[in-house]
Amino acid sequence: MRDSIELLSESLIDQHPDLALEVLAASSRLGLALGWHYVLDLIWLLRELDLPRGATVLDAGAGWGLAQFLFADRGLRVISVDMSVRQARAEFQHLYNFESMGGGAPIQHRYLERGTPNLKASFDLALATPLGELPRKLLTRLGWSRAAAVSTPPPRAGNPTITLYHAALESLSELASGSVDAVISVSALEHNAPASIAPIVAELERVARPGAPLLLTLSASQTNGEFHAASHSYLLNEAGLTNHYGLREPLSNFNEFEAIAAALRAPRYLDRWLSHTYDDRTDNGMPGRIWAPAYLPVALRKTRR
């Protein structure tokens, strides 16, 4: 499949209400807050990644993000890689089995110097906003009730297993070449300076089997290399994304940048779903919970050749 660059818009919610509900229900069920554009990122990933049960997906820069749980619930074996040291969280252990890889000395990175935000929203806060304000027509279209969406976990035979791998993304030494069926990453790689992206992408491609997709969501602007200090993100334009991530003649909708940016400044959904974890922090993508997008979410598809 051809490489691609896709600026993400709220049209994804209208086009895939079933996937929107899958994301929002999982966020509420697990009490995990979502970044301001993560609903779009995750809908895109769920749309793009079509693997059989039992396949292996690597979540690069996963932290405690929702993607690893969504794909584990779909029957995939998830290797969750992050540079921070994570221990299995007690509140998830009745739903998932956790294994550990890596370890050793702490990994130094400027992003970690910012401290760890409180990404664990209370169940009530996570529940109150997204599903409660989802347009009724989308729920009706799917025959879902709000209560059923929240209270009914997806069917599973035994708890899924997630492997927590402590490693730097440019050095995944415990993974064999060609050992994973797909690589995903949700709004993580932009925390690295553009000059350091190439070795990370090379290592992600090494561990992916030939033909496997690399599905990455990032932050985009029209000015290449702009640094958004509040979120510690490096924003890239179309040329920067193509060059730093090694895309080959990608399909792109970057010519729609202005129209998508204008629509996000007057959103229909995302401002109402903005997590309350933004309220008391300014070191994030929506400082102080004031709706003013400083960049656009963008998704890259790259095929391991």
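Just above, that's the structure.
The residue count restarts for each chain, going from 1 along the sequence in the order it is written. Side-chain atom pairs in this predicted model are given and counted only at pLDDT of 80 or more, local residue features only at pLDDT of at least 70, and totals for whole chains, interfaces and linings cover all residues. For side-chain calculations, the full set of non-hydrogen atoms in the structure is used, while hydrogens and water are omitted.

**Student:** What is the right way to look at the overall build of the chain in this model?
**Tutor:** When its secondary structure is counted, the chain shows 10 helices and 11 strands. Between buried and exposed lies partly exposed: a residue is buried under 20% and exposed over 50% of the maximum accessible area for its type, with that area taken using a 1.4 Å probe on protein chains only. Buried residues in the chain amount to 55% of all 305 residues. For this analysis, residues touch if any pair of their heavy atoms sits within 4.5 Å. Put simply, of all contacts in the chain between residues at least 6 apart along the chain, 78% involve residues at least 24 apart. For the chain, the computed accessible surface area is about 13000 Å², with 51% contributed by carbon and sulfur atoms. Helical segments are the DSSP runs of H or I of at least four residues, strand segments are the runs of E of at least two, and each set is numbered from the N terminus. Each accessible area value is a Shrake-Rupley result obtained with a 1.4 Å probe; residue values ignore everything except the protein chains displayed when judging cover.

**Student:** Whenever I open this one, the nonpolar core confuses me. Can you help?
**Tutor:** In globular proteins that are soluble, nonpolar side chains generally tend to be buried together. We call a set of buried Ala, Val, Leu, Ile, Met, Phe, Trp, Tyr and Cys residues a nonpolar core when their side-chain atoms join them within 4.5 Å. If you look at the biggest cluster of nonpolar residues, it comprises 90 residues, and the most contacted ones within it are Leu58 and Tyr245. Here this core takes 7 residues from helix α3 (residues 38-48), the largest share from any one element. Sequence-distant contacts of tyrosine 245, that is, excluding residues within four places in its chain, are made with Leu189, Ile197, Val201, Leu216, Leu218, Leu236, Gly240, Leu300 and Lys302.

**Student:** Teacher, can you tell me more about the sheet that holds strand β10 (residues 251-252) here?
**Tutor:** Paired through their backbone hydrogen bonds, the strands of a sheet run either parallel or antiparallel. Whether two strands pair comes down to DSSP finding at least two bridges between them. Ordered by their spatial adjacency, 9 strands build an open sheet running β4-β5-β3-β2-β6-β7-β11-β1-β10, and the pairing between neighbours is mixed. Edge positions in the sheet fall to β4 (97-102) and β10, since each has one partner strand and no second. Judged from the 4 bridges that link them, strand β6 (residues 182-186) and strand β7 (residues 213-220) form a sheet pairing that is parallel. Each residue of the ladder has a partner; that of valine 183, found in β7, is leucine 214. Taken strand by strand, helix α10 (residues 257-265) contacts β1 (4-7), β7 and β11 (296-303), and its axis lies near 130 degrees from that of β11. An axis is simply a line fitted to the C-alpha atoms; with a helix, the fit covers only the stretch in contact. Between two such axes, the angle follows the N-to-C directions and lies from 0 to 180 degrees.

**Student:** Which parts of the structure should I look at to understand unusual backbone geometry?
**Tutor:** Residues other than glycine predominantly adopt negative phi, and peptide bonds predominantly adopt the trans conformation. Despite not being glycine, serine 187 shows a phi value in the positive range, around 50 degrees. Along the chain, serine 187 turns up in the loop between β6 and α8 (197-207). Even without a glycine there, the phi angle at glutamate 249 is positive, about 40 degrees. Structurally, the position occupied by glutamate 249 is in the loop between α9 (238-244) and β10.

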